[in-house]
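# Coordinates in review
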Amino acid sequence: MKKTMDQLAADNIRAIAISMVEKANSGHPGGPMGGADFMHILYTEFLNFDPSEMNWDFRDRFFMDAGHLSSLMYAQYYLLGNYKKEDVQLFRQWGSVTPGHPEVDVLRGIENTSGPLGQGHTMGVGAAIAAKFLDARFKEIFGHKIIGFISDGGVQEEISQGAGRIAGHLGLNNFILFYDSNDVQLSSMTDEVTSEDTAKKYEAWGWKVTTIDAHNHAEIRQALHEAYQELEKPTLIIGKTIMGKGCVTANGDMYEGHCELHGKPIGDTGADYEKTLLNLSANPSEPFNIYEEVKDYYDKVLIRKIEESAKRKLKIAAWKKENPVLNEKMQLFLSGKLPELDFSSIEHKPNIASREASANVLAYLATHVENMIVSSADLSNSDKTDGFLKKTSVLKKNDFSGAFLQAGVAELTMAAIANGIALHGGVIPVVATFFVFSDYMKPAIRLGAIQELPVKYVWTHDAFRVGEDGPTHQPVEQEAQIRLLEKMKNHSGNQSFLALRPADSAETAVAWSMAMENNKTPTGLILSRQGIKDIPATGSKRYDVATLAKKGGYLVKETKNPDITLIANGSEVSTLLAAADLLENSENITINVASIISEGLFKQQSKAYQESIIPKGKPVFGLTAGLPVNLEGLIGDSGKIVGLDHFGYSAPATVLDEKFGFTPQQVAVKILNYFKVF
């Protein structure tokens, strides 16, 4: 029986996908064979994009969650002309543009890096939030759709609960999630690990849910049509598919739905690779060919897509002409540029916690940067993002005029959503929680660093001085974990993360300016719960001197020929200043004190500058409320670090300072003992 064009195109995608895996001898062929029908119908009939301008700001966006199905994406985009034959032939090879899991490459159609399951579709939720935010400010311009593609594993990952809850609560009708439900996982069948009713779960969160045979093209069309027309809810399309759809054995028997088809080449399973290619209408001697009929069809699709987007562009051009002021603002948002900001004008009370200083900065940004979304994991009154919230309102269903996202207790979800907001473009995402809970966020922080996304993290309650809450809430090892990312380079060759722990309110304002100006990587601000004594001004204005923090480190107390240099960051800087005063008044010692807000940034400065701050061949003493490793890269071979090598205890902060040896008097004794034996 002659295949329809849609069947032939879907089989072409299957043939190319399994050939990629077979040639690489690595990958996941079964899932792409199941998802090919949906992808073909979605891209040819529904997804609105311009093939000649894949980064068009007003396009629909496709967010892959099941990154192991990358061969499905590459095969689909190969039909669309985004990849060449040699690209798909070099799947998973060094230097190829078709890596094992998809990595951001918007011009080829890849909107997000994925692989760790659950994060891909959660980033899609973030993109949908960004689109809603922009649409509330520029009516009829950002009404595009975000489509996610998720697998059984992605549904099971705990992050899916946060994404599902938030999308439903906000009524993200611009978000469509296709669930490729094939009952097969990598090492088991799904009924061995779960018996939940996925449809009811999403319905309870406020989603529209429809279940279809995702190999039936009419059902796919109907489901997508309804999803595109939905006005109130996000849509979950549960597509029942067959793992390894189209696979046959050497004698021609069907061999579909088997677990082994998930994660290894077809030729290594009970199926036969060449016979399967023949069953898919492919030529085994030219398995990467696009079928002639399919090529002709896709050529027409591309022409139609360009024509449709041209009509949309005319409407947008007319809107721009009718709304010149709004258009100017929109262009600023989309450019990623900031309006002119004066962080030195922000006023702070004396000796406040750096989280309080951050609140002052956020209040300023709320009235000066109109395209920020700030989010907190149910801690806005503690992490002090309420400084921003007091100047705006929360995002809610049918009203995205505000700029604050109450994420609830869902740190990982919140961070992944922020990545999606950044990927969408036009909106600056800020997320906040206690520093100890950065542990929950780490997978998304890492993925944001890989994708080079300028998300701003606000982490408060930065050390054991959290006090009475005890060891579960007192970060010790977290700073070391985050600063490891400062030692990692991203694929652009840059420091993958910027971690900033400011020493007082002036440095906090400077740190915020650094975070806002950093549009190439994520930035983390590590802030204190307790008040910190302001560093004395050595010039006309403390802020002006604090701008030297933009070099990663600078001297807050300086003499021309110091006997010893003391280094720290955050609240320990004021402790060292107090200890230095004690020593200079009681001992014949000259002391320099340096605030090293970011080791990674400091190490990027010239050797001459670094040695002007931390001289070689002289004693160097470091103080950190975290693990000593925080400062090991700075003190040299003969330096000494006092830090914490154990978890905290429940007691008031002042008591812990004394018990752990962090009072100025105790630190002064340790400095002197070290100096005497140097």
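Our subject is the structure listed above.
Just so you know, these numbers come straight off a predicted model, no measurement behind them.

Definitions and cut-offs
Residue positions are counted from 1 within each chain, in the order its sequence is given. The model is predicted, so local features are restricted to residues of pLDDT at least 70 and side-chain atom pairs to those at 80 or more, both for listing and for counting; the totals for chains, interfaces and linings are taken over all residues. The side-chain quantities take in all heavy atoms of the structure and omit both hydrogens and water. Helix and strand definitions follow DSSP, with helices as H or I runs of at least four residues and strands as E runs of at least two, each counted in order from the N terminus. Between the first and last residue of a helix there are one fewer steps than residues, each counted as 1.5 Å, and that sum is the expected span. We define the bend at each residue as the angle formed by axes fitted to the 7 residues ending at it and the 7 residues starting at it. Relative accessibility decides the category of a residue: with a 1.4 Å probe and only protein chains considered, values under 20% of the type maximum give buried, values over 50% give exposed, and everything between is partly exposed. Residues count as neighbours in contact if any of their non-hydrogen atoms are within 4.5 Å of one another. One requirement defines pairing of two strands: DSSP has to find at least two bridges between them. The axes are straight lines fitted to the C-alpha atoms, using for helices just the contacting stretch, and the angles between their N-to-C directions are given from 0 to 180°. A 1.4 Å probe that fits but cannot get out identifies a cavity on a 1 Å grid over protein atoms alone, an open set with protein on both sides within 12 Å along at least five of seven lines counts as a pocket, and a residue lines either if it has an atom within 4 Å of a point. Grid points are joined across faces, edges and corners, and a volume is the space filled by probe spheres set on the points. Each residue is assigned to one class: nonpolar for Ala, Val, Leu, Ile, Met, Phe, Trp, Tyr, Cys and Pro, charged for Asp, Glu, Lys and Arg, and polar for all the others, Gly among them. The labels follow the angle: roughly parallel below 35 degrees, roughly antiparallel above 145, roughly perpendicular from 65 to 115, and oblique for the rest. Here is the rule for handedness: rotate from the far helix to the near one, and if that takes an anticlockwise turn smaller than a right angle the crossing is left-handed, while a clockwise turn gives right-handed.

It is worth spelling out helix 16 (residues 438–451) at this point. A rise of 1.5 Å per residue sets the reference length of helix 16, with its 14 residues, at 20 Å; its end C-alpha atoms lie 18 Å apart and thus fit the reference within 8%. By the largest-angle criterion, A444 marks the main kink of helix 16, which is about 35°. Looking only at helix 16, the buried set comprises S438, M441, A444, I445, L447, G448, A449 and Q451. Among the structural elements, helix 5 (119–137), helix 15 (411–424), strand 8 (428–434), strand 9 (456–460) and helix 17 (478–484) are those in contact with the buried residues of helix 16. Backbone geometry just after helix 16 places E452 at a positive phi near 60°.

Read across the open sheet, the five strands follow the order 1-2-3-5-4; overall the sheet is parallel. The sheet is open, and its two borders are formed by strand 1 (61–64) and strand 4 (208–213), each paired with just one other strand. Along the sheet, successive strands turn relative to each other by an average axial angle of 20°, direction set aside. Pairing analysis gives six bridges linking strand 3 (residues 175–181) to strand 5 (residues 235–240), with the strands arranged parallel. Across the sheet, the residue bridging to I176 is T235, located in strand 5. Lying over the sheet, helix 2 (residues 30–46) contacts strand 1, strand 2 (146–151) and strand 3, oriented at roughly 170° with respect to strand 2.

Turning to the sheet that holds strand 9, a few remarks are in order. In spatial order, the strands read 7-6-8-9-11-10; together these six strands make up an open sheet with parallel pairing. The sheet is open, and its two edges are formed by strand 7 (404–406) and strand 10 (498–500), each paired on a single side. Put simply, the sheet's adjacent strands are angled 20° from each other on average, direction ignored. The sheet contact formed by strand 6 (residues 372–376) and strand 7 spans three bridges and is parallel. Across the sheet, the residue bridging to S375 is L405, located in strand 7. In this fold helix 16 packs onto strand 8 and strand 9, with an angle of close to 165° to the strand it touches most, strand 9.

To continue, consider empty space enclosed by the protein. Here the structure, examined in full by the defined rule, presents two cavities of 30 Å³ or more. Size it by volume and the largest cavity reaches roughly 70 Å³. Every residue along the wall of the largest cavity is listed here: Y43, L47, F49, M54, R59, D60, F62, Y77, V106, G109 and E111. By residue class, the composition of the lining of the largest cavity is seven nonpolar, one polar and three charged. Of the pockets and cavities examined, the second largest cavity occupies roughly 50 Å³. Lining of the second largest cavity is provided by F435, D462, A463, P475, V476, E479, R501, E572, T624, A625, G626 and N630. Residue composition of the lining of the second largest cavity, by class: five nonpolar, three polar and four charged.

For the rest of this paragraph, the subject is the packing of helix 5 against helix 15. At their nearest, the axes of helix 5 and helix 15 sit 6 Å apart, and the two run at 55° to each other. Taken together, the axis directions place helix 5 and helix 15 in an arrangement best described as oblique. The way helix 5 lies across helix 15 gives a crossing that is right-handed. Of helix 15, the residues touching helix 5 (which contributes Q119, T122, M123, V125, G126, A127, I129, A130, A131 and L134) are T413, A416, I417, N419, G420, I421, L423 and H424. Tallied by class, residues from the contact of helix 5 with helix 15 come to 11 nonpolar, seven polar and no charged.

Moving on: the layout of surface pockets. Estimates place the volume of the largest pocket at around 780 Å³. Elements supplying a minimum of two residues to the lining of the largest pocket: helix 12 (324–335), helix 15, strand 8 and helix 18 (505–517).

Attention now moves to unusual backbone geometry. Phi at R92 takes a positive value of approximately 70°, unusual for a residue other than glycine. Mapped onto the elements of the fold, R92 is located in the loop between helix 4 (85–89) and helix 5. Positive phi is not limited to glycine here, since E452 has a value of about 60°. Looking at the secondary structure, you find E452 in the loop between helix 16 and strand 9.

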